Amino acid sequence: MYGVSENYIKAMNAAVHQWYVTGAVTLKDGTVIDLTEDDILQGSLLIQNQCTGDDRIDIGQVYMGEMDMTVIRQDIKKSEWLGAVIKLTFHRHEFDGDFAYISPKITAADSYGTIHASHEKEGYEAWRAFGSHGSGSTYWDAGAGSAALEWDFPCLTRIRNISLNNLPGTYYQGIEDSDSETLTDTDGNVLKAYRRSGFDVSKTVSVYTDSSKTKLIGTAAFSDYGYSFVGFTPEGGYIDTYALYFEFPDSYGDDVGLSGCDVYQEAWNDNFWADIPIGTWNVDNAESSEGGVALTCYDNMLAFEEEYDEDVKSITAFLDSSPYTFLKNMIGYVSSESGITTRFYNSSSATAALINGSSSILFKTVSDTKDWKTWRDVLSSAAAALGGFAAANRYGRIEIRNYRDDPVDAITADTFLHEGSTFSDSEKDVRRVNAALDDSTRLKVKNSNWGTGIKSYTLDLGTNPFIAVKSKEDATVIVTNISNGLQPVKFSAFSIERAADPVYDLGDRVSISGGGAKDTFSYHITKFSFDSHKYHMEGVTPIKLGSSSSGGTSSSKSSGSYLKTNGSNMSKAFTASPASFRVGGNICFPNVYDRTIDTDP
């Protein structure tokens, strides 16, 4: 799962979503252009990918993701699109919020927003509008008559409650002698005494969210003594606003103050858009259509279609005691040969964390009986030996992933479209891993799932060139690591759709509750499609979802929330009906999923 903030997750689960998709294009001649959301024909964008077959889990799979879209650009010829590279970005509107007590102050450095004082009686000004009167308070000399305080926030602000403390007026008065003469000190300065007027700033106060006084939060009356308090809580618990307007219709006069004007608020940056990369795509075909130029693109796994020719570059040139070094150098070579810029994504530590990722013997030798036709065959064998699968990730880099038992996110029934959702009523796991060696030895390595009564299955690696050449003892260690590494992972078949959430990656385990799902089951994403407004995700188990499915569907929609969606790259009318999932264009290492068996050999 792509790392997102808590505010992004809140936006994902909100009732109204806003998003759009843009692209950065590098043409074959090096020209760089930007694609705005207006350059992409509505409803034409479709991204699809998977990491295993449609009917069962396996490892060592190498799929090529496909992206199709129609671009409305009259300034670029169809032929100029061929060989172009497009980097797509998904932009989601999210709120950036925090909680705090804030008090208005006059100086810009201390003020959260802009403060205005006004007097509504002709001939009077709100003179000496603000002055410091202790920490966190505002001393406001409003003048006699009706006055107002307007507080403008720099962004949308969620107001939880407001408290105002009335402050009696204070002033300094010259000290006089018995003859009413003003006393001075030896330097001639007038001696003054601190006086309290006994009057408060106002009898009543009304709070609005606008200066036109049409949106009232509340009205309250101060008690007729110093430091009296009034509080306001908006109806419903909060109100979102860009301003607060305090009206004091019956101010007492000069030299009176307002203390403790505190607002408990959440400051929301309503113009913040989170950017999420959704792939690097190589234009393979361009066709003129009524709406523009229809592009068919593939991710950087396209580089591995390069023919494997041992006479040109032997695999032995990359063999190394470090799996990280082997993969980094091998992928770098394929990138340079194909002309498609990519590299190994896993860090050295992330590679070491993979099953067999820290083995010093795995990629040290390779079988002479290997039957590789393309470099994608090589990558497939390497991924299987590491107990996982390979994919070109959202950054366009090649990544090896293992299936994990820990969920990356919790999805609840109110955040996915119930129509078309399906959940299996059982889980499956891996109980044994088989492999064949060059000397015709068959390894069959059980793990602790064997004999537990759970419907588990056997994974057959066939003759993997990186394993088959090893001694029986070394090969047993490698296969045992795969068997034990997959032991804790359970799989349950499912299919759901969410509104525009392309944050999940192939292989992610998500926790799903409600809507027919079982919150104790493990759901791994093995296939997805994203059509710019709905993200369809599904997972398979060793047994194809079908008769084993409980149905687990609900005819109800998720409170109609997603009917309000307004993503700009989508059709204007959007209903929560299930969309057909097309798989065309995905390419898998030949017959890789036919190796998995449901019964003991």
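Parameters at a glance
- Residues numbered from 1 in each chain as written.
- Predicted model: local features only at pLDDT ≥ 70, side-chain atom pairs only at ≥ 80, totals over all residues.
- Heavy atoms only, no water.
- Pairing = 2+ DSSP bridges.
- Helix = DSSP H or I, 4+ residues; strand = E, 2+ residues; numbered from the N terminus.
- Buried < 20%, exposed > 50% of the residue type's maximum accessible area, 1.4 Å probe, protein only.
- Contact = heavy atoms within 4.5 Å.

The subject of this paragraph is the sheet that holds strand β22 (residues 409-412). The mixed open sheet is built from 3 strands, whose spatial order is β22-β29-β30. In this open sheet, the two edge strands, each paired with only one partner strand, are β22 and β30 (523-524). Bridge analysis of strand β29 (residues 509-513) against β30 gives 2 bridges, and the strand direction is antiparallel. Bridge pairing in β30 links valine 510 to tyrosine 523.

Time to look at the side chain of aspartate 39. Mapped onto the secondary structure, aspartate 39 falls in the loop between β2 (32-35) and β3 (46-50). Note on aspartate 39: relative accessible area 12%, which makes it buried. Leave out the neighbours within four places in its chain, and aspartate 39 touches Asp34, Thr70, Val71, Ile72 and Arg73.

Another aspect to go through is helix α5 (residues 375-385). Judged by how many residues are buried, α5 sits mostly within the fold: 11 of 11 residues are covered. Taken together, the buried positions of α5 are Trp375, Arg376, Asp377, Val378, Leu379, Ser380, Ser381, Ala382, Ala383, Ala384 and Ala385. Residues of α5 that are buried make contact with α3 (323-338), β20 (389-392), β21 (398-401), α6 (465-468) and α7 (472-486). Once α5 ends, the next one or two residues include glycine 387, with phi positive near 70°.

Now for the pairing of strand β28 (residues 494-499). Counting buried positions along β28 yields 6 of 6 residues, so the element is predominantly enclosed. Of the two faces of β28, both are covered, the one formed by Phe494, Ile496 and Arg498 as well as the one formed by Ser495, Glu497 and Ala499. One ladder, built from 3 bridges, connects strand β23 (residues 417-423) with β28; its direction is antiparallel. Pairing of leucine 417 across the sheet is with glutamate 497, part of β28. In this sheet, strand β32 (residues 534-539) lies alongside β28 in antiparallel orientation, the contact comprising 6 bridges. Counted as the bridge partner of serine 495 is glutamate 538 from β32.

These values are about where atoms sit, not about what they do.
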